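Coordinates in review
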Amino acid sequence: MNYWLMKSEPEVFGIDHLLNMPQRTEHWDGVRNYQARNMMRDQMRLNDRVFFYHSNCAEPGIVGLMRVSREAYPDFTAFDPNSNYHDPKSDPDQPRWYMVDVTYERHLKRNISLRELKPYADGPLAGCPLLRKGNRLSIMPMSPEQWDFILGLE
DNA sequence: GCCAACGTTGGC
DNA sequence: GCCAACGTTGGC
């Protein structure tokens, strides 16, 4: 069992969007970063647990929980010329980009903001990529200890 | 293989 | 809207 954090802009696809999808499930498309892709493709496993993080908004932070409900498969939006995520260099016979499916589990009882987590960067959350300066990864691993600590703040 | 230019992310 | 940080691209 692995633990993850995945970022999305609430205006584009927020946790309420996921909640309202059929089966409360959606594919996590549009990842166009190799490091993030490798983690999805090589390490994410069915039923892994995931924090849903809202980025680029008034109060960035963790807003809910999801589970991985389908392991990595080719991100078909890369093949679609009409998609924002179109990448002509991704060949259907040799896909460059992958995605997983995620399923909504629950909202946190309250949002746990980045601002609230920052003071723990030198303590319980030391080494957590979320708190590393300049971090831009949209998908990052969490240790079980970090996961438990953050949920404990709820 | 280096590295400057460029584009993107994402907090503020 | 600004801008720091970082990844990618492409000329050489």
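This text follows the structure it describes.
The sections below set out a description of the structure shown in this document. On a predicted model such as this, the values are computed, not experimentally measured, just so you know.

1. Thoughts on the layout of surface pockets
- Taken as a whole, the largest pocket holds about 390 Å³ of empty space.
- Counted by class, the lining of the largest pocket contains five nonpolar, five polar and five charged residues.

2. With respect to the sheet that holds strand β6 (residues 139-142)
- Within the open sheet, the six strands sit side by side as β2-β5-β4-β3-β1-β6. Their pairing is mixed. Of all the strands in the sheet, the pair left with one neighbour each is β2 (25-27) and β6. If you compare each strand with its neighbour and ignore which way they point, the axes differ by 35° on average.
- Where strand β1 (residues 3-8) lies against strand β3 (residues 49-54), six bridges are found, and the strand directions are parallel. From the neighbouring strand, M6 faces β3, where its bridge partner is F52.

3. Comments concerning the pattern of salt bridges
- Taken as a whole and assessed by the stated rule, the structure comprises nine salt bridges.
- Across the pair D75 and R32 runs a salt bridge whose closest N-O atoms are separated by 2.9 Å. In this pair, D75 is assigned in the loop between β4 (61-74) and β5 (98-113) and R32 in the loop between β2 and α3 (34-42), connecting sequence segments 43 residues apart.
- Here the salt bridges share partners, and the residues they tie into one network are R49, R67 and E105.

4. Concerning the protein's contact with DNA strand C
- Close to DNA strand C lie N33, Y34, K89, K133, G134 and R136.
- Sugar and phosphate atoms form 67% of the subset of DNA strand C atoms that lie within 4 Å of the protein.
- In the environment of DNA strand C, a phosphate oxygen lies 3.2 Å from a nitrogen or oxygen atom belonging to the backbone of K133.
- Class assignment for the residues of the surface near DNA strand C results in one nonpolar, two polar and three charged.

5. A short note on the environment of F51
- Structurally, F51 is set in strand β3.
- In the structure, F51 is positioned 59 residues away from R110 in sequence and 13 Å away in space, judged by C-alpha atoms.

6. A closer look at the packing of aromatic side chains
- All chains considered together, the criterion is met by six aromatic pairs.
- An angle of 45° between the planes, with centres 5.0 Å apart, marks the rings of Y3 and W147 as tilted. With a gap of 144 residues between them, Y3 in strand β1 and W147 in helix α5 (residues 144-153) connect regions that are remote in the sequence. The pair Y3 / W147 is uniform in exposure class, with both members buried.
- When the centroid spacing of 4.8 Å and the interplanar angle of 75° are considered together, the rings of Y120 and F149 count as edge-to-face. Linking Y120 in the loop between α4 (114-117) and β6 with F149 in helix α5, this pair joins segments that are 29 residues apart in sequence.
- Through pairs of rings, three or more aromatic residues link up here, namely Y3, F51 and W147.
- If you follow R70 out to its NZ or CZ, it ends over the ring of Y73, 3.5 Å from the centre.

Here is what the cut-offs are and how they apply
- Residues numbered from 1 in each chain as written.
- Chains lettered and ligands numbered in written order.
- Predicted model: local features only at pLDDT ≥ 70, side-chain atom pairs only at ≥ 80, totals over all residues.
- Heavy atoms only, no water.
- 1 Å grid on protein atoms, 1.4 Å probe; cavity = no way out; pocket = protein on both sides within 12 Å on 5 of 7 lines; lining within 4 Å.
- Points joined across faces, edges and corners; volume = space filled by probe spheres on them.
- Nonpolar A, V, L, I, M, F, W, Y, C, P; charged D, E, K, R; others polar.
- Pairing = 2+ DSSP bridges.
- Helix = DSSP H or I, 4+ residues; strand = E, 2+ residues; numbered from the N terminus.
- Axes fitted to C-alpha atoms, helices over the stretch in contact; angles between N-to-C directions.
- Salt bridge = Lys/Arg side-chain N within 4 Å of Asp/Glu carboxyl O.
- Near = heavy atom within 4 Å.
- Polar contact = N/O pair within 3.5 Å; in protein donor to acceptor, adjacent residues only side chain to side chain.
- Phe/Tyr/Trp six-rings, centres within 6.5 Å; stacked < 30°, edge-to-face > 60°.
- Buried < 20%, exposed > 50% of the residue type's maximum accessible area, 1.4 Å probe, protein only.
- Lys NZ or Arg CZ within 6 Å of the ring centre and 35° of its normal.

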